[in-house]
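Secondary and tertiary structure notes
Chain by chain, the residues:
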Amino acid sequence: AVVSTQSTGTDGTVTEFGRQIALADVVVLNKMDLVEEESRDSLTEEIRAMNGACVVQHTTRSRVDLKRILGIQAYTSVPPPSTVEHKLSRAISTVTLTTDKLLRKKELENTLESLLWEEPTSPLKQSHLVEDGGEMTILRMKGRVHTDTGWFMVQAVRDIYELTPIATPPSGTAPHLIFIGSHLDSQRLQNV
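Counting from 1, residues in each chain are numbered in the order their sequence is written. Per-residue local features are limited, in this predicted model, to residues with pLDDT of at least 70; the limit for side-chain atom pairs, both in listing and counting, is 80 or more; totals at the level of whole chains, interfaces and linings are taken over all residues. Calculated side-chain values reflect all of the structure's heavy atoms, with hydrogen atoms and water omitted.

As a further point, take the side chain of Glu109. Secondary structure counts use DSSP, requiring at least four H or I residues in a row for a helix and at least two E residues in a row for a strand, with both numbered from the N terminus. Summarising the element assignment, Glu109 is placed in helix 3 (residues 105-117). Only protein chains enter the calculation, and the probe is 1.4 Å; a residue is then buried if its accessible area is under 20% of its type maximum, exposed if over 50%, and partly exposed in between. The exposure class of Glu109 is buried, given its relative accessible area of 18%. Here a residue-residue contact requires only that any non-hydrogen atoms of the pair lie within 4.5 Å. Apart from the residues within four sequence positions on either side, Glu109 is in contact with Tyr161 and Leu163.

Here it is, written out as structure tokens:
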């Protein structure tokens, strides 16, 4: 079956396809033996543009190495900040921010709650309307941050977030946050 890869509907809302790609840690594309290489590459690029942090796994006849999709520790590890801003359109994209600043944990929590929980009419959300009139919406966020109380792993899906302490600071990895959502504006996210 051919699946629509439209990430937004005609009214600008995120489609089920767009939401599933944005929330995925792994995307399995089956029957790749039936797809021309150019089409396969284009689809893979489109998926990575929407979610630069996910792994895209190509399969044939539903054969997939289970080690690549199960037990991947998606909520205990975070991809390195090599993910850059990916954007085919403003509909759904990935933005990665890095910082060397030591964050205050309470301010981090307040910011996360404002970004994820505020109503569209709140001053914070109104300040995040982008030029095309769309509202910046965060569907998924993950990363590592350094706060005044230690290192934390951040995981958020829609309006639920979790800060998990990291006992041993990761070596060689700068603190970073990966945002996946619609109408993301990297400059405005950096300023928040």
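More follows now that the structure is in view.
Let's shift gears to the packing of aromatic side chains. Think of it this way: a Phe, Tyr or Trp ring, Trp meaning its six-membered ring, pairs with another when their centres are within 6.5 Å, and the plane angle makes it stacked under 30 degrees, edge-to-face over 60, tilted otherwise. What the rule picks out here adds up to one aromatic pair. Here the aromatic rings of Trp117 and Tyr161 are separated by 6.0 Å at their centres, their planes lie at 45°, and the arrangement is tilted. In this pair, Trp117 is assigned in helix 3 and Tyr161 in strand 6 (residues 160-165), connecting sequence segments 44 residues apart. The exposure class assigned to Tyr161 is buried, which follows from its relative accessible area of 18%.

Attention now moves to the sheet that holds strand 6. Strand pairing is assigned whenever DSSP identifies at least 2 bridges connecting the two strands. Strand order in the open sheet made by the five strands is 3-7-4-5-6, with antiparallel pairing throughout. This sheet does not close on itself; its edge strands, each paired only once, are strand 3 (93-98) and strand 6. Pairs of neighbouring strands in the sheet enclose a mean axial angle of 15°, with direction left out of account. To get an axis, fit a line to the C-alpha atoms, keeping to the stretch in contact for a helix; angles then go from 0 to 180 degrees between the N-to-C directions. Strands in contact with helix 2 (residues 37-50) are strand 3 and strand 7 (176-182); relative to strand 3, the strand with the most contacts, it is inclined by about 50°.

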